[in-house]
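Summary of the model geometry
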Amino acid sequence: MAKPELMDFDAALEKYEPVIGLEVHVELSTKTKMFSPTPNPSGDEHDAEPNTQIGPVDLGLPGTLPVVNEEAVRYSIQLGLALGCSIAEESSFARKNYYYPDSPRNYQISQYDDPIAFEGEVEVELEDGTVFQVPIERAHMEDDAGKLTHMGSTGRIQGASSSLVDYNRAGVPLVEIVTKPIFGGEARTPELAAAYVSTIRDIARSLGVSYARMERGNLRCDANVSLRPRGAEKLGTRTETKNINSFRSIERAVRYEIQRQAALLEKGTPITQETRHWHEDTGRTSSGRPKSDADDYRYFPEPDLMPLRPSRELVEELRAALPEQPVLRRRRLRGEWEFSGQVFQDIVNGGLLDAVDETVKAGAMPQGARKWWLGELSRLANEQGVHPTALATPQQVAELEALIADGTVNDKLARQVLEGVLAGEGSPREVVDARGLAVVSDDGALISAIDEALAAQPDVLAKIQDGKVQAAGAVIGAVMKAMGGQADAKRVRELILERAQV
C-alpha cells in the first residue's frame, strides 16, 4: 500500500482549522458486571483464562434478564458530577443493535436519548500551564463488548488468518464520555487531545471508580478529527480513529489525521466519514468502515429495564463526597512544595504524585520525598521493571528522611538503610539498629580518627593553620573512610578546625 500523502503540519494549520471531538470509554471497577452477577474482570481478574468470566446474561442466552448494577449507577453519577455535568432526574437504557463477533447478544445495552449525565465542562491544563475548557455533551452508561484477538503476523485485523474471541469483557460496566466539538486548540490540538484523556484518567482514579489503565483497556479513546477552511462556519467531515490506547498515540493520531485530511482537501478529494485504525508501528491510520449514524444502529428502548430515577438526596450525597479535582490538587501541591514547573512535571510524569504527597503527609519535607522517589527508588524500580511504589511505602521513605534529619544517618548510610528495607529486614529504624548504621556521634572517637589523619598529612595541617580551611576536605575524607562512612561530616569539619589550632 502506498504511503498516504501528508501536508506539513504548520502549512495545514495556515489553511484549515482543526476541530476535534473525543469519546472516552471508562471501565468501572465494580465487583460485578453491568447487568449480571458475573465477576468484573477489569481488575484482578483481568488476566483470567479466556471465556471463564462469563455468565448467561452476558451471553444473552434465552430466558435471561438484565439487572442494573447499583454500584455502577453510583459510580456513573460520581463521574458525571466530577465532569461538571447535570444528573438526569430520569434516564433510560436502549438497545444499540449491531452485529459483530465480540457482541454475543448482537446488541449493546446503552443509553441514547436519556443519558445519566449531560452538559458539563472539564478544565484541562497543558504542561506549560495553559488551560483549556473542554465542553462535555454527555456521559452515559453501557456495557462493554468482548475482545477479539486477530491471529497473524501483525496482530491486526488486516491480513489476519483468523480471529479468536474472549467474552470475559462482555458486560463490563462502562461510562462513555462524549465531548462537544472542541475549538481553539490550533497547533496544540494534538497535545490538548492527549491532555484531556489524561485528565479523564486522573478524575476516574481520584474517584476510585476505575483502574483507568490504558494498557489494559480500562480506558479507551476514540478521536474524531475534522478540518474546515479558515473563516468557514460549517464543520468538515470527520473521521473517527478507534480505541487508541496511549496518550502518546492519541497525540500522534490526531496530528496525523490533520496532516492527512489537509493533503486530501488540498487536492480536492472529499473526506470519507469513516472509522479508522491507528498503527503504532507505522505512525499511520488506515481505513476501517463507513461511520454509522445513530439511525443505523436502530436504537429502541430496552424493554427489560425500567428507567433510572436517582433521588436528589443521593446525588447531593455523592456531590458532597467528591474529592478535590486533580488539576486543582496539582496546582495546590506545586505551590505548597515550591517546586519548579519541570521538577513537578517530572513527579507527575513518573506517576509519583500520590507517593510524594503521602510521604510529605507522613512528615517528610517535599524536597526529601522527591529526592528518594525520583532518585534511588526510581533507579532501582527501573532495573527491576516495576513501579517505584512497588518497592517502598511513603511511610518508610518518610521514616528514612527523619533519620537523616535528626542526624542518625547521613545520605550515604541512608542508601544502605534503604537496601535493608527493600530486602525485607524491617523498618528503616530497625535496619539501622540491626546493621549498626548509626552515625558515630562520640567526639572522643572522632577526635582520635582526626588526630591520626592530621598526623598522616602534616602538609594539610600546615595549610589549615595558615588559614586555608578548604584543605580540611582531605582530612574529612580520610576520617570518613576510617569511620566506615559513619561520621557526621559537619561535626568532623568543626573538630578538625578546632584540633588544627591546638
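The structure reproduced in this document is the subject of the present report.

The rules we used
- Residues numbered from 1 in each chain as written.
- Predicted model: local features only at pLDDT ≥ 70, side-chain atom pairs only at ≥ 80, totals over all residues.
- Heavy atoms only, no water.
- Helix = DSSP H or I, 4+ residues; strand = E, 2+ residues; numbered from the N terminus.
- Buried < 20%, exposed > 50% of the residue type's maximum accessible area, 1.4 Å probe, protein only.
- Contact = heavy atoms within 4.5 Å.
- Areas by Shrake-Rupley, 256 points an atom, 1.4 Å probe, with all protein chains shown as cover.
- Pairing = 2+ DSSP bridges.
- Phe/Tyr/Trp six-rings, centres within 6.5 Å; stacked < 30°, edge-to-face > 60°.
- Lys NZ or Arg CZ within 6 Å of the ring centre and 35° of its normal.
- Core = buried A, V, L, I, M, F, W, Y, C linked by side-chain atoms within 4.5 Å.

**Points about the overall build of the chain**
When helices and strands are counted, the chain shows 18 helices and 14 strands. Per-residue burial over the chain gives 47% buried out of 502 residues. Here the contacts in the chain between residues at least 6 apart in sequence split such that 68% fall between residues at least 24 apart. Element-wise, carbon and sulfur atoms account for 50% of the exposed surface of the chain, whose accessible area totals about 24100 Å².

**What about the environment of Q261?**
Inspection of the secondary structure assignment puts Q261 in helix α5 (residues 247-266). Among the residues examined, Q261 registers a relative accessible area of 0% and is labelled buried. Here the alpha-carbon distance between Q261 and T239, two residues 22 residues apart in the chain, equals 9.2 Å.

**A closer look at the sheet that holds strand β3 (residues 94-97)**
Strands belonging to one sheet form pairs held by backbone hydrogen bonds; the direction of such a pair is parallel or antiparallel. Taking strand neighbours across the sheet as the criterion, the three strands line up as β4-β3-β14 in an open arrangement whose pairing is antiparallel. Every other strand in the sheet has two partners, leaving β4 (107-110) and β14 (300-301) as the edge strands with one partner each. Bridging between β3 and β14 involves two bridges; their strand directions are antiparallel. Within β14, the position partnered with R95 by the bridge is F300.

**A closer look at the pairing of strand β9 (residues 173-179)**
Of all seven residues making up β9, seven are buried, and the element is well covered by its neighbours. Of the two faces of β9, the one holding P173, V175, I177 and T179 and the one holding L174, E176 and V178 are both buried throughout. When strand β1 (residues 16-27) meets β9, the two strands line up antiparallel, connected through five bridges. Looking across to β9, one finds that E27 is bridged to L174. Of the strand pairs in this sheet, strand β6 (residues 131-143) and β9 are connected by seven bridges, and their pairing is antiparallel.

**A look at the packing of aromatic side chains**
One pair of aromatic rings is described through two measures. These are the centre distance and the angle between the planes. If you walk through the whole model with that rule in mind, you get seven aromatic pairs. With a centroid separation of 6.4 Å and 75° between ring planes, the pair formed by Y98 and Y297 is classed as edge-to-face. With Y98 in the loop between β3 and β4 and Y297 in the loop between β13 (284-290) and β14, this residue pair connects regions lying 199 residues apart in the sequence. What makes Y297 buried here is its relative accessible area of 10%. Every member of this aromatic cluster is reached through a ring pair, and the members are Y98, Y112, Y297 and Y299. If you follow K96 out to its NZ or CZ, it ends over the ring of Y297, 4.4 Å from the centre.

**Focus on the side chain of Q259**
In this structure, Q259 sits in helix α5. Residue contacts for Q259: discarding those within four places in its chain leaves E5, L6, M7, D8 and F9.

**A few points about the nonpolar core**
Across soluble globular proteins, you tend to see nonpolar side chains buried next to one another. Within the largest apolar cluster, 71 residues are counted, with the highest numbers of intra-cluster contacts made by I77, L83, I177 and Y196. Here this core gets 10 residues from one element, more than from any other, and that element is helix α4 (residues 189-207). The residues touching I77, leaving out its near neighbours within four places in the chain, are I87, I116, P310, L314, V315 and L318. Within the second largest apolar cluster, 31 residues are counted, among which are F339, W373, V421 and L437.

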